[in-house]
Amino acid sequence: MKFLRTAATLLVTAAVLWLLLRRFGGGSAFAEAIRGASIAWVGISLLAGCGCVLLGAERWRLVLAAMGYTLPFGRSLEVVLATWPLAVVTPSRANDLLRPLAVRNIVPLAAGTGSVLAEKALDLVVLLLFTAAGAAVQGLWLWAAAAGALTVSEVAVIAVIAQNRAWLERLPLLRGRREAIEKLFGAVVVLRRAPWRLLAPAAVSLVIRFLTVAMTHALLVAVGASVRLFDTTTLWPAATLVGIAPLTLAGMGTRDATFIHLLAERGAHANPAQVLAATVGYSAVGTGFFAVVGLPFMIRETLRERRG
């Protein structure tokens, strides 16, 4: 079943990208934009991507620290890179849920899982607020309202779950395991008792969001797309939000189509083939490159699990 879901997601991703290529100038215009890309600007995008990875490892450490656990930065980075290759074949970065397995000798599995869920929830709130602000500045009031409503909904759901955890104890896998449930919701407990302790990881998430904008804009400049930094900053978060939907691998296709649509809606005169080259390049830099870098770490973690 898992293989079929992955295969279906891969087919949808390929179909969406094919439709985009066919719609915006065909493969020749896309290939020309890629061939003419500035290596220097691609390098700048890659540096911004490296910053995202390093800060992502630090953000996880900060969430764990708020829960009372200490994870060395080097170990956090190793685990983040080790799970990165799976981002190529899993939608919505579900691969991050494997991180707690690698550090269960330092952080209990339930607490580690809770830390990743809390990190993702926190990052989503930051992205939603970033999206709402950008859309409002652009006058895209429907997008702004939708992002705002999703923010309120997420916070409300977390609050409801935190107040009604008893139902978890009735689940077969968690029945009678009150301590595991408490550890799973450790970050929520911290948020209720000392919300200021999550300000640091939230600030890191915001910096990461700006770095993803920098990655994208550097690639737009690299291929010669006439897109203002203002438009990239205010519209790319909305495209990123759409890309989170588990429809395609790593948001490829859906994120690209949304960004091109939003640029057109705001009257930008950028060449769609060039924009598509830049957004596909974002997937190559932000996901593909670090998936390759992470392969040795993934192999090492796999061998370590088998030995022990």
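Refer to the structure printed above.
My aim in this report is to walk through the structure given alongside it, one point at a time. (Residues numbered from 1 in each chain as written. Predicted model: local features only at pLDDT ≥ 70, side-chain atom pairs only at ≥ 80, totals over all residues. Heavy atoms only, no water.)

## Topic: helix H11 (residues 229-243)
Point 1. With 15 residues, H11 should reach 21 Å at 1.5 Å per residue; the first-to-last C-alpha distance of 20 Å fits that figure.
Point 2. A bend of about 35° at Leu-235 is the largest found in H11, and the proline Pro-237 appears one to four places after it.
Point 3. Among the residues of H11, Asp-231, Thr-232, Thr-234, Leu-235, Trp-236, Pro-237, Ala-238, Ala-239, Thr-240, Leu-241 and Gly-243 are the ones counted as buried. (Helix = DSSP H or I, 4+ residues; strand = E, 2+ residues; numbered from the N terminus. Expected span 1.5 Å × (residues − 1). Bend = angle between axes of the 7 residues up to and from the residue. Buried < 20%, exposed > 50% of the residue type's maximum accessible area, 1.4 Å probe, protein only.)

## Thoughts on the packing of aromatic side chains
Point 1. By the definition in use, this model includes five aromatic pairs.
Point 2. Judged by centre distance (5.8 Å) and plane angle (55°), the rings of Trp-84 and Phe-290 are tilted. Here the residue Trp-84 occupies a position in the loop between helix H4 (73-83) and helix H5 (99-102), and Phe-290 occupies one in helix H13 (residues 272-307), the gap between them amounting to 206 residues. For the pair Trp-84 and Phe-290, one class covers both residues: buried.
Point 3. Aromatic side chains Phe-289 and Phe-290 sit 5.1 Å apart centroid to centroid with 85° between the ring planes, which places their arrangement in the edge-to-face category.
Point 4. On the accessibility criterion, Phe-290 (5% relative accessible area) is buried.
Point 5. Among the aromatic side chains, those forming a connected cluster through ring pairs are Trp-84, Phe-289 and Phe-290.
Point 6. Positioned above the aromatic ring of Trp-60, the side-chain terminus of Arg-99 is 4.9 Å from the ring centre. (Phe/Tyr/Trp six-rings, centres within 6.5 Å; stacked < 30°, edge-to-face > 60°. Lys NZ or Arg CZ within 6 Å of the ring centre and 35° of its normal.)

## Re the side chain of Glu-301
Point 1. With respect to the helices, strands and loops of the structure, Glu-301 is situated in helix H13.
Point 2. Classification of Glu-301 by relative accessible area gives buried; the value is 8%.
Point 3. Discounting chain neighbours no more than four positions away, the residues touching Glu-301 are Arg-75, Ala-82 and Ala-102. (Contact = heavy atoms within 4.5 Å.)

## A word on the side chain of Glu-154
Point 1. Summarising the element assignment, Glu-154 is placed in helix H7 (residues 141-163).
Point 2. For Glu-154, which is buried and forms no salt bridge, the nearest opposite charge comes from Arg-209, at a distance of 11 Å. (Lys, Arg positive; Asp, Glu negative; His and termini not counted. Salt bridge = Lys/Arg side-chain N within 4 Å of Asp/Glu carboxyl O.)

## Some points on the packing of helix H10 (residues 199-222) against H13
Point 1. One can describe the packing of H10 onto H13 by two numbers: an axis separation of 8 Å at closest approach and a directional angle of 130°. On the basis of the axis angle, H10 is oblique to H13. You can see that H10 and H13 cross each other, and the crossing is right-handed. Residue-level contacts link Thr-212, Met-215, Thr-216, Leu-219 and Leu-220 of H10 to Val-275, Ala-278, Gly-281, Tyr-282, Val-285 and Gly-286 of H13.
Point 2. In the contact of H10 with H13, the residues fall into seven nonpolar, four polar and no charged. (Axes fitted to C-alpha atoms, helices over the stretch in contact; angles between N-to-C directions. Parallel < 35°, antiparallel > 145°, perpendicular 65-115°, else oblique. Left-handed = near helix turned anticlockwise from the far one by under 90°. Nonpolar A, V, L, I, M, F, W, Y, C, P; charged D, E, K, R; others polar.)

## Section: the environment of Asp-231
Point 1. Within the element layout of this structure, Asp-231 appears in helix H11.
Point 2. Given the relative accessible area of 5%, Asp-231 is considered buried.
Point 3. Note: C-alpha distance between Asp-231 and Arg-266 (35 residues apart in sequence) is 8.6 Å.
Point 4. Excluding residues that lie within four positions of it along the chain, Asp-231 makes contacts with Gln-138, Trp-236, Phe-259, Leu-263 and Ala-268.
Point 5. Within the local environment of Asp-231, its side chain forms a polar contact with the side chain of Gln-138, the two groups lying 2.8 Å apart. (Polar contact = N/O pair within 3.5 Å; in protein donor to acceptor, adjacent residues only side chain to side chain.)

## Some remarks on the nonpolar core
Point 1. Counting residues in each nonpolar core, the largest one holds 34 residues, and the members touching the most others are Leu-220, Val-227, Phe-259 and Val-275.
Point 2. For this core, the secondary-structure elements that each account for two or more residues are helix H2 (26-35), helix H3 (39-66), helix H6 (109-138), H10, H11, helix H12 (254-265) and H13.
Point 3. Each residue touching Val-227, except ones within four places of it in the same chain, is listed here: His-217, Leu-220, Thr-232, Leu-263, Ala-270 and Val-275. (Core = buried A, V, L, I, M, F, W, Y, C linked by side-chain atoms within 4.5 Å.)

## What to know about the pattern of salt bridges
Point 1. Counting across every chain of the model gives twelve salt bridges.
Point 2. Note that Arg-75 and Glu-78 form a salt bridge whose closest N and O atoms lie 3.1 Å from each other. You can see Arg-75 and its partner Glu-78 sitting in helix H4, three residues apart, about one turn around the helix.
Point 3. Taking relative accessible area as the criterion, Glu-78 reaches 23% and is therefore assigned partly exposed.
Point 4. Across the salt bridge formed by Glu-119 and Arg-99, the nearest N and O atoms sit 2.9 Å from each other. Taken as a pair, Glu-119 in helix H6 and Arg-99 in helix H5 lie far apart in primary sequence, 20 residues in all.
Point 5. The structure contains a network of salt bridges with shared partners spanning Arg-59, Asp-96, Arg-99, Glu-119, Lys-120, Asp-123 and Arg-209.

## Focus: a nonpolar patch on the surface
Point 1. A contiguous nonpolar patch, built from Trp-41, Ile-44 and Val-221 and spanning about 240 Å² of accessible area, is present on the exposed surface.
Point 2. As for its placement among the helices and strands, Ile-44 is situated in helix H3. (Patch = residues over 30% accessible without salt bridge, like charges linked within 9 Å, V, L, I, M, F, W, Y side chains within 5 Å. Areas by Shrake-Rupley, 256 points an atom, 1.4 Å probe, with all protein chains shown as cover.)

## A closer look at the packing of H10 against H11
For any two helices packed against each other, the geometry comes down to the angle between their axes and how far apart the axes lie.
Point 1. Across the interface, H10 lies against H11 with an axial gap of 9 Å and an inter-helix angle of 115°. With respect to the hand of their crossing, H10 and H11 are arranged in right-handed fashion. Contacts from Arg-209, Phe-210, Thr-212, Val-213, Thr-216, His-217 and Leu-220 in H10 reach Leu-229, Thr-232, Thr-233, Trp-236 and Thr-240 in H11.
Point 2. By residue class, the composition of the contact of H10 with H11 is five nonpolar, six polar and one charged.

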